[in-house]
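# Structural features, examined
Chain residues, written in single-letter form:
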Amino acid sequence: MSKVIRTDIPLLIIFFSGIVLIASYFFPITQLSLAEKELSRWGIILNAWAMGLGATSLYRWHVGEIIKKTPGRWMYSVWLIIVMSVFIVVGFVWTPSHRVFVWLGDAFYLPIEAAMNALLAFFILTASHRALRARGWEAAILLLAACILTMTNAPIGEAIWGGIPVIGKWILDIPNTAASRGMIICVAVGTIALSIRTLLGYERTQVGVQ
Amino acid sequence: MNFKRLDRRYLHLLLIAVTVFPLLKPMGLPISIGVHSRTLYDYIQHLPPGSVVLNVFDWGPAQIPDAGVGAMAITQHLLSLPVKIVAFSQEVSAVMMYEYTMSRIKIPPDKKYGTDFVYFGFIAGLETALAAIAKDVHATFVKDYYGTPVEQIPMMDKIRTVKDFALVVETTNTGTHVDGFLRQWKSPYGTPIAINIGAVMVPTYLPYYPGQVLAVIAGARGGSEYELLIKQPGPGVASLDAVSTSHLLVIIFIAIGNIQYFIEKRKRREER
């Protein structure tokens, strides 16, 4: 594939798409607005296609694992393909709002994800007495703030001492907000710089050029 | 006794005990109402009749006891008022949470699907989709979750652009969805946005309050406060005692771990 098709044309598409989207934000011109609407629709369609592409890649990788009979892993690949296929077939044959598909979600996906999340409580408890140490002043301050915020979120904190939620709120509203706002503004400035570089073609990693 | 070497299964058993006990025998610890829950409640309560609220379901099953509490309470509140609800999801796994919510809350008999509330299911595209919805609702919400074309849904007749929405309530467990609304809805159009988010994400989004965000409902705690505000205490309020005891246990073990660490440190120093 020539360089023109591989890099130059995609960079031109990125440039024109970006310019149209930025211009339509600042200038209320009907043609620009229509172009922006159309580009947004393409974006949604491409995004949906990307999900399909992801599913295809997942199939390819796991079929490879089964063919290679990768020790200790291939049986999980078989299970993944079975489950994914069942969901896809049911979703296509009926619709995602059909009671069979809803039942599949309620009976399998919902309890599994809820249980996975609940397991975190056990890891946190184990970590709380094995890993969370005040090894220095900075760690001690961090640990203290974490403990106060944990108790702020639970009614028992207020029941133990009325000052806990007051201090917790102060930590969230003052140091947290001040530091986070600074970070947010820095990230925004960085994003603008990166966007300009991308639009002008200086940033080329998205078209596979390092 | 060296807690560091204590079999973790004993700890896990202890955690199960302190979580289950208050669920079986509630302690009824008082829950004070925070400013965020109060602000959102008051804002929704004073919405003019016929206002349209975009209720976004971007939470999964893992969030049922956290952001899910608020999602259900807020949806219940909206359904009790003369407002219209347009709902959709930006996450595939969040679609089932709409059904979950609607099957667990009380839908008033005078509220009809398609006339008072509607769900458009999963819409791909994240921020791009949000920008597209803002400009042209009908072009993006082509069919509802049950396959009905948008033109055949009576309440969607007058809902065309972002300007037709009085409020966005975004329930999520990640920041991606919130950022999109802030950039594509709040900044250009000024649409009020309320976030109902998992407790761990609250410090990330508090800096946007009160300028960009109307309120940040903090996980199970915020949801429980909302349950109390709508005078329908539910699973959130019931779970807060268990949250209290389990959190206290974690704090106790952090303290024990640190006391032990300092004792060991002192011993090592003395040995030298």
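What counts, and at which threshold
- Residues numbered from 1 in each chain as written.
- Chains lettered and ligands numbered in written order.
- Predicted model: local features only at pLDDT ≥ 70, side-chain atom pairs only at ≥ 80, totals over all residues.
- Helix = DSSP H or I, 4+ residues; strand = E, 2+ residues; numbered from the N terminus.
- Rg over C-alpha atoms; globule rule 2.2 N^0.38 Å.
- Contact = placed C-beta atoms within 7 Å.
- Pairing = 2+ DSSP bridges.
- Axes fitted to C-alpha atoms, helices over the stretch in contact; angles between N-to-C directions.
- Domains from an automatic or database assignment.
- Nonpolar A, V, L, I, M, F, W, Y, C, P; charged D, E, K, R; others polar.
- pLDDT = per-residue confidence, 0-100.
- Left-handed = near helix turned anticlockwise from the far one by under 90°.
- Core = buried A, V, L, I, M, F, W, Y, C linked by C-beta atoms within 7 Å.
- Buried ≥ 20, exposed ≤ 12 C-beta atoms within 10 Å, placed from the backbone.
- Right-handed = clockwise from strand over helix to strand, strands pointing away.

Attention now moves to the overall build of chain A. Looking only at helices and strands, chain A features 7 helices and 0 strands. Listing each helix as α and each strand as β along chain A from the N terminus yields α-α-α-α-α-α-α. Computed over its C-alpha atoms, the radius of gyration of chain A comes to 26 Å, more than 25% above the 17 Å expected for a compact globule of 210 residues. The dimensions of chain A, computed from C-alpha atoms along their principal axes, are 65 × 50 × 40 Å.

To continue, consider the interface of chain B and chain A. At the junction of the two partners, chain B supplies 54 residues and chain A supplies 48 residues. Of all the secondary-structure elements, those providing two or more residues to the side of chain B that touches chain A are helix H1 (8–24), helix H4 (95–104), helix H5 (126–135), helix H6 (137–140), helix H8 (202–205) and helix H10 (235–271) of chain B. Ranked by residues supplied to the side of chain B that touches chain A, first place goes to H10(B) with 15 residues.

Moving on, we come to the sheet that holds strand S2 (residues 84–89) of chain B. As a general point, the strands of a sheet are linked pairwise by backbone hydrogen bonds and lie either parallel or antiparallel. Residues and elements named next belong to chain B. Pairing is parallel across the open sheet formed by 6 strands, whose spatial order is S3-S2-S1-S4-S5-S6. This sheet does not close on itself; its edge strands, each paired only once, are strand S3 (117–122) and strand S6 (215–218). Taken pair by pair, the neighbouring strands of this sheet meet at an average axis angle of 15°, ignoring direction. The strands that helix H7 (residues 176–189) touches are strand S1 (52–58), strand S4 (167–172) and strand S5 (193–197); relative to S4, the one it contacts most, it runs at about 165°. In the packing of helix H9 (residues 219–229) onto the sheet, contacts are made with S5 and S6, and the angle to S6 comes to roughly 105°.

Once that is clear, we can look at unusual backbone geometry. For the bond from Tyr209(B) to Pro210(B), the omega torsion is 0°, close enough to zero to count as cis. Summarising the element assignment, Pro210(B) is placed in the loop between H8 and S6.

A few words now on the domain arrangement of chain A. Residues and elements named next belong to chain A. Domain boundaries assigned for chain A yield domain 1 (1–93) and domain 2 (132–210). Listed as interface residues are 7 residues of domain 1 and, on the opposing side, 6 residues of domain 2. Residues of the side of domain 1 that touches domain 2, tallied by class, amount to 5 nonpolar, 2 polar and no charged.

Where the model shows low pLDDT, its predicted coordinates should not be examined in detail. The pLDDT averaged across chain A works out to 90; a share of 100% of its residues lies at or above 70. Helix H7 (residues 163–199) of chain A holds the highest mean pLDDT among the elements of chain A, 94, whereas helix H4 (residues 99–130) of chain A holds the lowest, 88.

Further remarks concern the domain arrangement of chain B. Examined at the domain level, chain B breaks down into domain 1 (8–20 + 244–271) and domain 2 (35–240). For domain 1 of chain B and domain 2 of chain B, the distance between their C-alpha centres works out to 40 Å.

A word on the packing of helix H5 (residues 137–153) of chain A against H7(A). All names here are of chain A. Between H5 and H7, whose axes approach to 8 Å, the crossing angle comes to 115°. Between H5 and H7 lies a crossing of left-handed hand. Counting all contacts with H5, which are made through Ala-145, Ile-148, Leu-149, Met-151 and Thr-152, the residues of H7 involved are Ile-164, Pro-165, Ile-167, Gly-168, Lys-169 and Ile-171.

Before going further, it helps to spend a moment on the nonpolar core. Residue and element names in this part refer to chain B. Counting residues in each nonpolar core, the largest one holds 90 residues, and the members touching the most others are Ala-87, Tyr-205, Val-213 and Val-216. Ranked by residue count, the leading element in this core is H10, at 8 residues. Once residues lying within four places of it in the same chain are set aside, the contact partners of Val-213 are Ile-193, Ala-194, Ile-195, Tyr-205 and Tyr-208.

Okay, the environment of Ile252(B) next. All names here are of chain B. Position of Ile-252 among the secondary structure elements: in helix H10. Its 14 C-beta neighbours within 10 Å are what place Ile-252 among the partly exposed residues. Between the C-alpha atoms of Ile-252 and Thr-128, which are 124 residues apart in sequence, the distance is 46 Å.

This part covers the pairing of S5(B). Residue and element names in this part refer to chain B. Among the 5 residues of S5, 5 are classified as buried, and the element is accordingly described as predominantly covered. Neither face of S5 is exposed, since Ile-193, Ile-195 and Ile-197 on one face and Ala-194 and Asn-196 on the opposite face are all buried. By the bridge criterion, 5 bridges tie S4 to S5 in an arrangement that is parallel. Each bridged residue has a counterpart across the sheet, and for Thr-171 the counterpart in S5 is Asn-196. Following the chain from S4 across H7 to the adjacent parallel S5, one finds a crossover that is right-handed. Alignment of S5 against S6, held across 4 bridges, turns out to be parallel.

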